[in-house]
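Structural features, examined
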Amino acid sequence: MRNTVPIMKREFSSYFNAPIAFVYLTVFLGLSSWLYLKGFFLVNEASMRSFFSLIPWIFLLFIPAITMRLWAEERKVGTMELLMTLPVTDTEAVLGKFLASFVFLVVSLALTFLLPLMVSILGDPDPGQIVGGYLGCVLIGAAYLSIGLFISSLTENQIVAFIVSVVAIFVFYILGADFVLFGIPDWLVPVFSFAGLGGHFDSISRGVIDSRDLIYYFSVIGLFLYLNVKAIEARR
Amino acid sequence: MISVRGISKTFGSTVAVDNISFDVNKGEVLGFLGPNGAGKTTTMRMLTCYLSPDNGTATVAGFDVFEDSLEVRKRVGYLPESAPLYLDMDVVSYLRFIADIRGIPRDLTGERIRRMVDTCGLSSVVGRNIGELSKGYKQRVGLAQTLIHDPEILILDEPTTGLDPSQIIEIRELIKEIGRERTVILSTHILPEVEATCSRVLIINEGVIVASGTPEELHAAVGGEDLIHVSIRTGGGGAEGGGPAKSGGPAEGGGAQGTGVEDALSSLAGVTSVERKAEASGGYSKYIVKVSNGADLAEAIFRVAIDRGWTLNELKRETLSLEDIFLKLTTRET
């Protein structure tokens, strides 16, 4: 795992080598704060619940934009050949890229710190819910990242990677939604409602941290990182 | 150092490399020659573990490319075709990244990078973004990347493309220098490059080896012929010292004058044929003289011209190009 760190550092700094990271961060912070604050004063409640319920939808566009270039660009430019002939295992490369995007995700979430600060000054929010909400965001974000990263490894076109990732994450997210559960045979209902990314997020962001939800997210992340390694191996 | 036994690689229905076997010894510089799509790059990619062979085995530095891929990759410096680089990085942080991955100890990294900047002539672009560099400098950065860990084996896919002539000479010198203690495989289209750098050559076509040997052996094997381009004016101005073959002939390219020259040239020892080219200008007629391999007839032709009082405007020797040797080898096969 020694080479994971240099790859992670390289990937992370390459977000900032191009001004694209600042564009992403500005759009993410601007959009999430604006959508949240728009309703905040109307509801007149010192809670971040509506903020956290927005995040999976904003991530739906934001995260594929972070992951789309991670593999697709290497394949397009040809640096894939360079990376794959350096003494780096496929697992190290996948993990390095995943961690780089994960750190970027954590940074962008951390930059929303003004919102909880403001809410605590204006009122008396439930701290457990805020902590749970952020944890939920990190977990669902990481799951999105692993899906987006995997899809990026399947194409050399970043736009294709972006669109396919959005669709795939969307489908995965609404698997457990009520209107989907109505339309499927009864015996599939528990499977779908467990498989959907959304339901687990709702319970964590209410402040209920259940080990099943944690295990669920870790399994999704693990599964897609594993598929990613396999996809890279298959290219050889 | 490198031993390849019957490796093949198929992409869909096209066979890129078909059952190739060869060995490379320590200290050898092996050149891969062949047209585009011959399988050079695919072979190199298999040796560097980027692709895995469908059939056959290859060992590099004693390790199997499939079983011990990481050990192979540690010992090889590889410059892929067109030298792909991380364009958003600057030269030094790129080399530092490679040094990190190559496991060069931190305290040695700075010194290694400085040496690479020196050997590859990068000092003027040190702080620049790789994306802004010219093709030649990118190629040099790529070369620095392959050399930074002092590899036992170098595999270079068309290392001199995009370089200017003086850089090409530098890089060839560098490769020769490295090739003294190390093992090098390089691919190229350019025959002089092979002659300048390689101790042995493999010619590949359509995934199979069609010839191998030293450059001289190859040249001899195809019954190599050199060409001499000659441009002669026979009825030159007031040239009187009188060649018997021509006196009084028409000044401007008549048929009669041509045969005289052709006869005179064909009678020289070593000449296999003389062909008159259609175009003629300013009273000069052009001929292509084919001479058997090795014979240097430029001087003899010069003397003939003097003796006969002809004016000589051009006398140029051309050895067979890769394309010619290559065409010969492939047409002979079929």
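Notes on the structure follow. (Residues numbered from 1 in each chain as written. Chains lettered and ligands numbered in written order. Predicted model: local features only at pLDDT ≥ 70, side-chain atom pairs only at ≥ 80, totals over all residues. Heavy atoms only, no water.)

Quick look at the overall build of chain B
Broken down by element type, chain B carries 11 helices and 14 strands. In chain B, which comprises 334 residues, the proportion classed as buried is 50%. Relative to all contacts within chain B whose residues are 6 or more apart in sequence, the contacts with residues 24 or more apart total 68%. (Helix = DSSP H or I, 4+ residues; strand = E, 2+ residues; numbered from the N terminus. Buried < 20%, exposed > 50% of the residue type's maximum accessible area, 1.4 Å probe, protein only. Contact = heavy atoms within 4.5 Å.)

What about helix α2 (residues 20-43) of chain A?
Residues and elements named next belong to chain A. With 24 residues, α2 extends 35 Å from end C-alpha to end C-alpha; this agrees with the ideal 34 Å at 1.5 Å per step. Every buried residue belonging to α2 is among A21, Y24, L25, F28, S32, S33, Y36 and F40, and all of these are buried. If you follow the buried residues of α2, they end up packed against α1 (4-17), α3 (49-77), α5 (90-110) and α6 (114-122). A positive backbone phi angle near 60° is found at N44, which sits one or two residues after α2. (Expected span 1.5 Å × (residues − 1).)

Digging into the sheet that holds strand β10 (residues 208-213) of chain B
Residue and element names in this part refer to chain B. Pairing is mixed across the open sheet formed by six strands, whose spatial order is β6-β7-β8-β3-β9-β10. Both outer strands of the open sheet, β6 (76-79) and β10, are each paired with one neighbouring strand and no more. Averaged over all neighbouring strand pairs, the angle between strand axes comes to 15°, with direction disregarded. Pairing of strand β7 (residues 153-157) with strand β8 (residues 183-188), which is carried by five bridges, proceeds in the parallel orientation. Looking at the pairing, L154 lines up with V184 of β8. Contacts from helix α1 (residues 40-47) reach β3 (29-33), β6, β7 and β8 within the one sheet, and its direction differs from that of β8 by about 150°. The sheet strands contacting helix α5 (residues 135-147) are β6 and β7, and the helix crosses β6 at an angle near 165°. (Pairing = 2+ DSSP bridges. Axes fitted to C-alpha atoms, helices over the stretch in contact; angles between N-to-C directions.)

Digging into empty space enclosed by the protein
Inspection of every chain in the model, using the stated rule, returns two cavities of 30 Å³ or more. Considered as a void within the structure, the second largest cavity measures approximately 40 Å³ in volume. Taken together, M80(A), M84(A), I232(A), R235(A), R236(A) and Y50(B) make up the lining of the second largest cavity. When the residues that make up the lining of the second largest cavity are grouped by side-chain class, the tally is four nonpolar, no polar and two charged. (1 Å grid on protein atoms, 1.4 Å probe; cavity = no way out; pocket = protein on both sides within 12 Å on 5 of 7 lines; lining within 4 Å. Points joined across faces, edges and corners; volume = space filled by probe spheres on them. Nonpolar A, V, L, I, M, F, W, Y, C, P; charged D, E, K, R; others polar.)

Let's talk about the nonpolar core
Counting residues in each nonpolar core, the largest one holds 144 residues, and the members touching the most others are F59(A), L197(A), F22(B), Y94(B) and I185(B). In this structure F59(A) touches F28(A), P64(A), L105(A), L109(A), C137(A), I140(A), G141(A) and Y144(A), once residues within four positions along its chain are discounted. Judged by nonpolar contacts, the second largest core, of 17 residues, contains V271(B), I301(B), V304(B) and A305(B). (Core = buried A, V, L, I, M, F, W, Y, C linked by side-chain atoms within 4.5 Å.)

Regarding the pairing of β6(B)
Taken residue by residue, a regular strand's side chains alternate between the two faces of the sheet. Residues and elements named next belong to chain B. In β6, alternate side chains face the same way, and those of V76 and Y78 on one face and G77 and L79 on the other are all buried. Pairing between β6 and β7: four bridges, direction parallel. Bridge assignment links L79 to a residue of β7, and that residue is L156.

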